[in-house]
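# Fold and geometry: a report
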Amino acid sequence: MLTVAVQMDPLDSINIAGDSTFALMLSAQARGHRLFHYAPEDLNYSAGRVWTKAHSVTVQRVAGNHFSFGDSVSLDLGDEADVVLMRQDPPFDLGYITATHLLERIADRTLVVNDPAQVRNAPEKVWVLDFAQFMPPTLVTRSVDEAQAFLAEHGEIVVKPLHGNGGKAIFKIGRDGANLSSLIEVFNTAYREPHMVQAFLPDIAKGDKRIVLVDGEVAGAINRLPGEGEIRSNLAVGGSAAKTELTDKEQEICAVLGPELKKRGLLFVGIDVIGGQWLTEINVTSPTGIVAIDRFNGTDTAGMIWDAIERRVAARG
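I will try to describe carefully the structure that is included in this document. (Residues numbered from 1 in each chain as written. Predicted model: local features only at pLDDT ≥ 70, side-chain atom pairs only at ≥ 80, totals over all residues. Heavy atoms only, no water.)

## Observations concerning the sheet that holds strand β12 (residues 208–214)
- Reading across the sheet, the 5 strands line up as β14-β13-β12-β15-β16 and stay open at both edges, with antiparallel pairing between neighbours. Across the chains shown, the open sheet's two edge strands, defined by having one partner strand only, are β14 (240–243) and β16 (278–283). With direction set aside, neighbouring strand axes in the sheet form an average angle of 30 degrees.
- The pairing of strand β15 (residues 268–274) with β16 spans 5 bridges and is classified as antiparallel. (Pairing = 2+ DSSP bridges. Helix = DSSP H or I, 4+ residues; strand = E, 2+ residues; numbered from the N terminus. Axes fitted to C-alpha atoms, helices over the stretch in contact; angles between N-to-C directions.)

In structure tokens form, the structure reads like this:
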């Protein structure tokens, strides 16, 4: 039996029908592992110790009555937990980054999934630049002039926050460039970091494929289709899921990414691919999609993730 601390958002706010973290918790519980829940803002550090106020928790797939807390305890994550699942949703802000720094201090004693130092070094829309050979034409900038030149070169573009998530604040700009200058000005006011500008891919109408890799191996995929009048296919903004298979190019992308993910301790990763060939994101913070994948394919991705975790824990002795 493992003691598993789950760092995540409030349990009463999740949609149990599709939540990947909840699926992981159900799978862990079925294996006899002991679960604790805590919020990232409850982390504490002193004299080499990292601890948190936590509740033991049991879960069940009953809407509206899906969890039950035990008493609140002070849980030493370095000495009393075998595994920490870092599963709070982005934004990938200073709070998120600070949590990775604190959890890194216990990573030699407790398996943190995903590895906190590697999560910090691999923001979804930045680390993907290491694999530019698979990406659509991409510009990272705060400059209106550079964005306008990129538009002139590529005809239609998409502008999105570099550290955005869930399909939020993604804008398509047409050939006439209407509102591009205003949009960059708004983004420059809202965000201190640069922004991501990419050539628009018409194939987005056919969907945005989420491929899940577990310890570097493909576990499955779904195709996320945009809603009517939308370019965004994220399920969180009204997209729908469909069964799919990998193209040869997607298999090539996974073959290149897989060993790097495994080496970095990124056990649960979701990559996004458009048009069967264009890699747009590598999601390592709190990937989703496993419930839909398993529903279409009859697989047990949560079980695959726990198999990988248990192997890693056993290898530590």
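## Focus: helix α5 (residues 144–154)
- Within α5, the full set of buried residues consists of Ala147, Phe150 and Leu151. Looking down the long axis of α5, one finds its buried residues gathered within 100 degrees of arc, a one-sided arrangement. Facing away from the buried side of α5, by more than 90 degrees, are the exposed residues Asp145, Ala152 and Glu153.
- Here the buried face of α5 lies against β8 (138–141), β9 (157–161), β10 (171–173), α6 (180–190) and β11 (195–199).
- Structurally, the start of α5 carries an N-cap: the backbone nitrogen of Asp145 is 3.3 Å from a side-chain oxygen of Ser143. (Buried < 20%, exposed > 50% of the residue type's maximum accessible area, 1.4 Å probe, protein only. Arc of directions from axis to C-beta. Contact = heavy atoms within 4.5 Å. Polar contact = N/O pair within 3.5 Å; in protein donor to acceptor, adjacent residues only side chain to side chain.)

## Some remarks on the pattern of salt bridges
- Per the stated rule, a full pass over the model turns up 18 salt bridges.
- Between Arg120 and Glu104 there is a salt bridge, and its shortest N-O distance comes to 2.8 Å. One end of the pair, Arg120, is in helix α3 (residues 116–120); the other, Glu104, is in helix α2 (residues 94–104), with 16 residues separating them in the sequence.
- The partly exposed category is assigned to Glu104, whose relative accessible area is 34%.
- Where Asp215 meets Arg312, a salt bridge forms, and the shortest distance between an N and an O atom there is 2.8 Å. Highlighted residues: Asp215 in the loop between β12 and β13 (217–225) and Arg312 in helix α9 (residues 301–316), separated in sequence by 97 residues.
- What makes Arg312 partly exposed here is its relative accessible area of 25%.
- Here the salt bridges do not stand alone but share partners, grouping Asp208, Arg210, Arg224 and Asp272 into one network. (Salt bridge = Lys/Arg side-chain N within 4 Å of Asp/Glu carboxyl O.)

## A word on the packing of α5 against α6
- Two numbers describe how α5 lies on α6: the axes approach to 10 Å, and their chain directions differ by 135 degrees. By the angle between their directions, the pair α5 and α6 is classed as oblique. Between α5 and α6 lies a crossing whose hand is right-handed. For the pair formed by α5 and α6, the contact residues are Val144, Ala147, Gln148 and Leu151 on the first element and Leu180, Ser181 and Ile184 on the second.
- Taken together, the residues of the contact of α5 with α6 break down into 5 nonpolar, 2 polar and no charged. (Parallel < 35°, antiparallel > 145°, perpendicular 65-115°, else oblique. Left-handed = near helix turned anticlockwise from the far one by under 90°. Nonpolar A, V, L, I, M, F, W, Y, C, P; charged D, E, K, R; others polar.)

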